[in-house]
Amino acid sequence: MSDAMSDGEEIALPGGLGSGGAVVRVGATVRRPVRPHSEAVEAFLRHLELMGFTGAPGVIGRDETGRQVLSWIDGDVALPPFPAWAATDELMVSVADLQRRMHAAALTFVLPDEAGWDRANLPATRPGDIVCHNDLCVENVVVRDSAAIAFIDFDFAAPTDPLLDIAIACRHWVPFRDPVDIAEGFAGVDQIARFGLFCDTHGLSGATRRHVVDHGLAFLDRALVTMKAKADSGLPMYATVWAAGYPDQNRRSHTWLANQLRGALS
């Protein structure tokens, strides 16, 4: 830790549509704005730690300004435009394995009474749902020695079908996109083979893999609605993404997923 950081210097952390630059590092901690769902998320993070799952930040408490304080996790985080090291099959498989272990740890989590969660892009809860991350994009994975060692930014954590959590991760890591929208480090990857590897790591059967694809299609439909609502509300980062062509990219992703990946599973 540098002297400057140990003195309390705040360093803004990049990424995060919802946080809008409000997340900072201070020494060995991360400070985040407190949201209506923060207490529920903290209860889940404490449970993961209790279960011996080390792939998530630890909860420290609140700082003098009332912000949430979490532990800092050392490692690399890939940011757009993504480097080639972020697109290796080995890293993706390690993401799937860490996700599988997180789901196993979440099975015994007892939901807090009246727990509030951010469910803006999730379907209604059903029996069998567990708390999942729900936003395992490339930017939310900490990498060390070419393997995923932790997930960060649990703001969208909430009870849902773990197959949906897998579909959301595949959206970014396979990725579930039309090849014309895949640039930089991920360009040219074998998406169908990568989806197979991701599912293999979770031990998913052929029928269950089709359910993952169905979840991916439904997620894209919901995202089109929620992204527009947030952009229209004036949230600057959402407005920027929407104006940059998100609607067309979303529909191309939907078509690719329905026609190419689903067809390959038939």
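Here is a short report on the structure shown in this document. Note that this is a predicted model, so its numbers are computed, not measured.

**Describing the side chain of His-133**
By the element assignment, His-133 lies in the loop between strand E6 (130-132) and strand E7 (141-144). Within polar-contact distance, the side chain of His-133 engages the backbone oxygen of Asp-153 at 3.1 Å. Among residues more than four places away in sequence, those in contact with His-133 are Met-102, Asn-140, Phe-151, Ile-152, Asp-153, Phe-154, Phe-156, Ala-157 and Asp-165.

**Description of the sheet that holds strand E3 (residues 29-32)**
One open sheet holds the five strands; their spatial order is E1-E2-E3-E5-E4, and the pairing between them is antiparallel. Only two strands of the sheet have a single partner each, and these edge strands are strand E1 (11-12) and strand E4 (59-62). Taken together, the three bridges between strand E2 (residues 24-26) and E3 define a ladder with antiparallel strand orientation. Bridge pairing links Arg-25 to Val-30 in E3. Contacting E4 and strand E5 (68-71), helix H2 (residues 38-50) crosses the sheet at an angle of about 150° to E4.

**Points about the pattern of salt bridges**
All chains considered together, the criterion is met by 15 salt bridges. Across the pair Arg-101 and Asp-97 runs a salt bridge, and its minimum N-O distance is 3.2 Å. Highlighted residues: Arg-101 and Asp-97, both in helix H3 (residues 89-106), separated by four residues, approximately one helical turn. Residue classification places Asp-97 among the partly exposed residues on the basis of a relative accessible area of 24%. Within this structure, Glu-10, Arg-31, Asp-63 and Arg-67 form a network of salt bridges that share partners.

**Concerning the packing of helix H5 (residues 191-202) against helix H8 (residues 246-265)**
In the contact formed by H5 and H8, the axes pass within 11 Å of each other and the chain directions differ by 65°. Handedness of the H5/H8 crossing: right-handed. Residues Gln-191, Ile-192 and Phe-195 of H5 touch H8, and the partners they reach there are Trp-256, Gln-260, Leu-261, Ala-264 and Leu-265. Class assignment for the residues of the contact of H5 with H8 results in six nonpolar, two polar and no charged.

Cut-offs used in this document
Residues numbered from 1 in each chain as written. Predicted model: local features only at pLDDT ≥ 70, side-chain atom pairs only at ≥ 80, totals over all residues. Heavy atoms only, no water. Helix = DSSP H or I, 4+ residues; strand = E, 2+ residues; numbered from the N terminus. Polar contact = N/O pair within 3.5 Å; in protein donor to acceptor, adjacent residues only side chain to side chain. Contact = heavy atoms within 4.5 Å. Pairing = 2+ DSSP bridges. Axes fitted to C-alpha atoms, helices over the stretch in contact; angles between N-to-C directions. Salt bridge = Lys/Arg side-chain N within 4 Å of Asp/Glu carboxyl O. Buried < 20%, exposed > 50% of the residue type's maximum accessible area, 1.4 Å probe, protein only. Left-handed = near helix turned anticlockwise from the far one by under 90°. Nonpolar A, V, L, I, M, F, W, Y, C, P; charged D, E, K, R; others polar.

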